[in-house]
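A closer look at the structure
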Amino acid sequence: MDNDKTYQLLVDKMHEVAAIPTQEVGNFTIAYKKLVPFLKYYPWKSAIILSFISVSLLYLIFGTFLVKVASMLQFGF
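Attention here is on the structure that accompanies the text.

Cut-offs used in this document
- Residues numbered from 1 in each chain as written.
- Predicted model: local features only at pLDDT ≥ 70, side-chain atom pairs only at ≥ 80, totals over all residues.
- Heavy atoms only, no water.
- Helix = DSSP H or I, 4+ residues; strand = E, 2+ residues; numbered from the N terminus.
- Rg over C-alpha atoms; globule rule 2.2 N^0.38 Å.
- Buried < 20%, exposed > 50% of the residue type's maximum accessible area, 1.4 Å probe, protein only.
- Areas by Shrake-Rupley, 256 points an atom, 1.4 Å probe, with all protein chains shown as cover.
- Lys, Arg positive; Asp, Glu negative; His and termini not counted.
- Charge placed at Lys NZ, Arg CZ, Asp CG, Glu CD.
- Polar contact = N/O pair within 3.5 Å; in protein donor to acceptor, adjacent residues only side chain to side chain.
- Contact = heavy atoms within 4.5 Å.
- Phe/Tyr/Trp six-rings, centres within 6.5 Å; stacked < 30°, edge-to-face > 60°.
- Lys NZ or Arg CZ within 6 Å of the ring centre and 35° of its normal.

Counting secondary structure elements, the protein contains four helices and zero strands. From first element to last, N terminus to C terminus, the protein shows the α and β order α-α-α-α. In summary, the protein has a C-alpha radius of gyration of 24 Å against a globular reference of 11 Å for 77 residues, an excess of more than 25%. The principal-axis extent of the C-alpha atoms belonging to the protein is close to 75 × 35 × 20 Å. Counting every position in the protein, which comprises 77 residues, the buried fraction comes to 5%. Total accessible area on the protein stands at roughly 7,600 Å², and carbon and sulfur atoms take up 72% of it. Here the protein carries 7 positive and 5 negative side-chain charges, and the mean point of each set is 26 Å from the other.

Okay, here's the thing in structure tokens:
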């Protein structure tokens, strides 16, 4: 009988540790739940899209200076 109680305590503890609560990110939870499956199942497609968007934003912010920095870095390597 003591073994059954110990086993039940072990199972209860395992369920307590293994239970993962749902992820919440405040006001962005809806966007998070829509974006994460896309990033999970299409990682390369997501990386290409996100890199294109980030480079476009950097070009809008820094303009042609970004091209000069990229050329200088390519020359260095």
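Attention now moves to the side chain of Thr-29. Structurally, Thr-29 can be placed in helix α2 (residues 29-41). At a separation of 3.2 Å, a polar atom in the side chain of Thr-29 contacts the main-chain amide nitrogen of Val-25. Not counting residues within four places of it along the chain, the set of residues in contact with Thr-29 comprises Gln-23 and Glu-24.

Take the packing of aromatic side chains next. For the coordinates displayed, the defined rule picks out one aromatic pair. Their ring planes at 50° and their centres at 5.6 Å tell us that Phe-38 and Tyr-42 sit as a pair that is tilted. According to the relative accessible area criterion, Tyr-42 is partly exposed, its value standing at 47%. Across from the ring centre of Tyr-42, 5.5 Å away, lies the NZ or CZ of Lys-45, which sits over that ring.

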